[in-house]
Amino acid sequence: MATNVAEFGICAERTVFSDSTPEDVAYAKSFWQSIQLHPPIESRLVSGNVKQRMKTVNECSQPPPVDKLEYPPKLVQFLTKAHEEENQIQQAKLQELWNKKQQSQALLEKQRRERIRKEMVSSNKVKGIKRPEPVPLAADSGNEEEDPADCLKQIDEFDREKGIPNIDSDSD
């Protein structure tokens, strides 16, 4: 397929497909059209029917700036009293929560002391009971691979020492 670039006046250059089948030309056109998609109207920054500039406000239509509003004394007293009452209610709630926390901590401490006392009593009773001594483990000889027959003999000796009946059918 051969292509030539041809100039058509002032506008952009165009590509002309010469010696190509109409099918190839159609495929090429669809390909180039898919690459050169234009953005949808919604994504454009400028729209023809919307004015881009906001209207400015005339200086004479703005109200004069107010430095400080003066409130009537009764309103100030009422708001001050309301704030004080609100603060007192908040302080009472915080005091109540603090008291509940202290009670909870005291209860936990009491339960802890009681648990420790019970553990001391039970540990004194357990000290009188004779516990079996741990069985010493055979020291490793350094051999990672042991003879299976030796292992079976050791298991049989252990079973005889503990009085466990032998249930293996092959070691008669």
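These numbers were taken from a predicted model, which means no experiment stands behind them. (Residues numbered from 1 in each chain as written. Predicted model: local features only at pLDDT ≥ 70, side-chain atom pairs only at ≥ 80, totals over all residues. Heavy atoms only, no water.)

J.: So what about the pattern of salt bridges? Which residues, and what values?
T.: Within the structure shown, the criterion is met by five salt bridges. Among the ionic pairs, Lys 118 bridges to Glu 114, the shortest N-O distance being 3.6 Å. Residue Lys 118 and its partner Glu 114 are both found in helix H2 (residues 73–127); the two are separated by four residues, about one turn of the helix. Salt-bridge contacts for Glu 119 lead to Arg 115; the nearest nitrogen and oxygen are separated by 3.9 Å. Of this pair, Glu 119 and Arg 115 both sit in helix H2, separated by four residues, roughly a single helical turn. Residue classification places Glu 119 among the partly exposed positions, given a relative accessible area of 44%. Linked through salt bridges whose partners overlap, the residues forming this network are Glu 109, Arg 112 and Arg 113. (Salt bridge = Lys/Arg side-chain N within 4 Å of Asp/Glu carboxyl O. Helix = DSSP H or I, 4+ residues; strand = E, 2+ residues; numbered from the N terminus. Buried < 20%, exposed > 50% of the residue type's maximum accessible area, 1.4 Å probe, protein only.)

J.: Account for helix H3 (residues 148–162), naming residues and giving values.
T.: With 15 residues, H3 extends 21 Å from end C-alpha to end C-alpha; this agrees with the ideal 21 Å at 1.5 Å per step. Two residues or fewer past H3, Gly 163 is found with a positive phi of approximately 80 degrees. (Expected span 1.5 Å × (residues − 1).)

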